[in-house]
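Secondary and tertiary structure notes
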Amino acid sequence: MTLAPRRGLFILLEGCDRTGKTTQVALLKEALSKLEHPVTSKRFPDRSTTVGKAIDGYLSSALNLEDRAIHLLFSANRWEAVQEMKRTLMEGTHIIVDRYSASGIAYSVAKGLPLDWCRDPDRGLLRPDLVLLLDQPISIAANRDGWGEERYERVDFQERVRSCFHDLSTHQDWKLIEAARDIPTVHTDILRHVQEAIQRSSDPGPLSFDLWQ
Ligand code: DGP
Ligand code: NA
Ligand code: NA
């Protein structure tokens, strides 16, 4: 008899632009691999798909789209990966994800779109098991090289995104990670939360498709 593997955990890193998410996803993946946990990573938007190429055009300002139209494309970009992610988790592999529905909500609410309207297209996508919000003052990101290259990298806009992430983080058990520290310190903090989550979940239960309220 072969036992079904325990499912993997969906670990989500969220935050404003240039908070170090991509670096931390890579370090976390490496650390979990060394600890012999099956793990993979995924980044949204996935700019390699047809939908993702349109999103990339929008972010570089080569393409202009109505706020609601781009919102739906970002959501579609998550939907087009959902079966593959589900398969990976059911095979027992953890997935570390760089941005998901919370970014979808925060960036559109920051434009003034209604919260309920922003949530609706992502209802039924996978619910993360653990959300780590990388948080720091916007002034720190704005001093990094290359700031302003993409559409959303403006201080006033990012302040609104940050405040929306803060609102979302109170609705469920998110971990706030102080991102304005050196990379190894932030990594140690993140790894501790993830190891706790892995230990807690001797049986993580079925995958959830509920969006946070
Ligand atoms: P990144 O590759 O993580 O730097 O993300 C690219 C930009 O797209 C970044 O400014 C955040 C933004 N973004 C990511 N996901 C979404 C989404 O679902 N909706 C909107 N409106 N923006 C998003
Ligand atoms: Na960015
Ligand atoms: Na990133």
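Residues numbered from 1 in each chain as written. Chains lettered and ligands numbered in written order. Predicted model: local features only at pLDDT ≥ 70, side-chain atom pairs only at ≥ 80, totals over all residues. Heavy atoms only, no water.

1. A few points about the side chain of K21
Along the chain, K21 turns up in helix 1 (residues 21-34). Within the buried set, K21 has no salt-bridge partner at all; the shortest N-O distance to an opposite charge, 4.6 Å, is to D98. If we ignore the near neighbours within four places in the chain, the residues touching K21 are L13, E14, G15, C16, D98, R99 and L134. (Helix = DSSP H or I, 4+ residues; strand = E, 2+ residues; numbered from the N terminus. Buried < 20%, exposed > 50% of the residue type's maximum accessible area, 1.4 Å probe, protein only. Lys, Arg positive; Asp, Glu negative; His and termini not counted. Salt bridge = Lys/Arg side-chain N within 4 Å of Asp/Glu carboxyl O. Contact = heavy atoms within 4.5 Å.)

2. Observations regarding the UniProt feature "domain: Thymidylate kinase-like" (unreviewed entry) in the chain
The UniProt entry lists residues 13-190 under the feature "domain: Thymidylate kinase-like" (unreviewed entry), expressed in the numbering used here. Within residues 13-190, the helical portion is 49% and the strand portion 13%, while the C-alpha atoms at the span's ends are 9 Å from each other. (UniProt positions renumbered as here; feature names shortened; annotations may be inferred.)

3. Section: the site of ligand 1
Inspection of the region around ligand 1 gives 14 residues, with D17, R43, R78, R99 and G104 positioned closest. R99 is positioned such that a nitrogen or oxygen atom in its side chain is 2.6 Å from an oxygen atom of ligand 1. Taking Y152, its side chain carries an N or O atom lying 3.1 Å from a nitrogen atom of ligand 1. The protein chains hide 95% of the 490 Å² of surface that ligand 1 would expose on its own. When each cavity is represented as a set of grid points, ligand 1 is found to reside in the largest pocket. Where the shell around ligand 1 is concerned, the elements lending two or more residues are helix 3 (67-79) and helix 5 (101-109). At 4 residues, helix 5 tops the list of elements feeding residues into the shell around ligand 1. Here the shell around ligand 1 is composed, by residue class, of 5 nonpolar, 3 polar and 6 charged. (Near = heavy atom within 4 Å. Polar contact = N/O pair within 3.5 Å; in protein donor to acceptor, adjacent residues only side chain to side chain. Areas by Shrake-Rupley, 256 points an atom, 1.4 Å probe, with all protein chains shown as cover. 1 Å grid on protein atoms, 1.4 Å probe; cavity = no way out; pocket = protein on both sides within 12 Å on 5 of 7 lines; lining within 4 Å. Sits in = over half its atoms within 2 Å of the grid points. Nonpolar A, V, L, I, M, F, W, Y, C, P; charged D, E, K, R; others polar.)

4. Looking at the packing of helix 5 against helix 8 (residues 155-169)
Relative to each other, helix 5 and helix 8 sit at 130 degrees, their axes nearing to 8 Å. On the basis of the axis angle, helix 5 is oblique to helix 8. Relative to helix 8, the crossing made by helix 5 is right-handed. Two secondary-structure elements touch here, helix 5 through A102, S103, I105, A106, Y107 and V109 and helix 8 through F157, Q158, V161, C164, F165 and L168. (Axes fitted to C-alpha atoms, helices over the stretch in contact; angles between N-to-C directions. Parallel < 35°, antiparallel > 145°, perpendicular 65-115°, else oblique. Left-handed = near helix turned anticlockwise from the far one by under 90°.)

5. Overview of the confidence of the model for the chain
On average, the chain scores 95 in pLDDT, and the residues at 70 or more come to 98%. Interface predicted TM-score (ipTM) for the complex: 0.95; the corresponding pTM is 0.96. (pLDDT = per-residue confidence, 0-100.)

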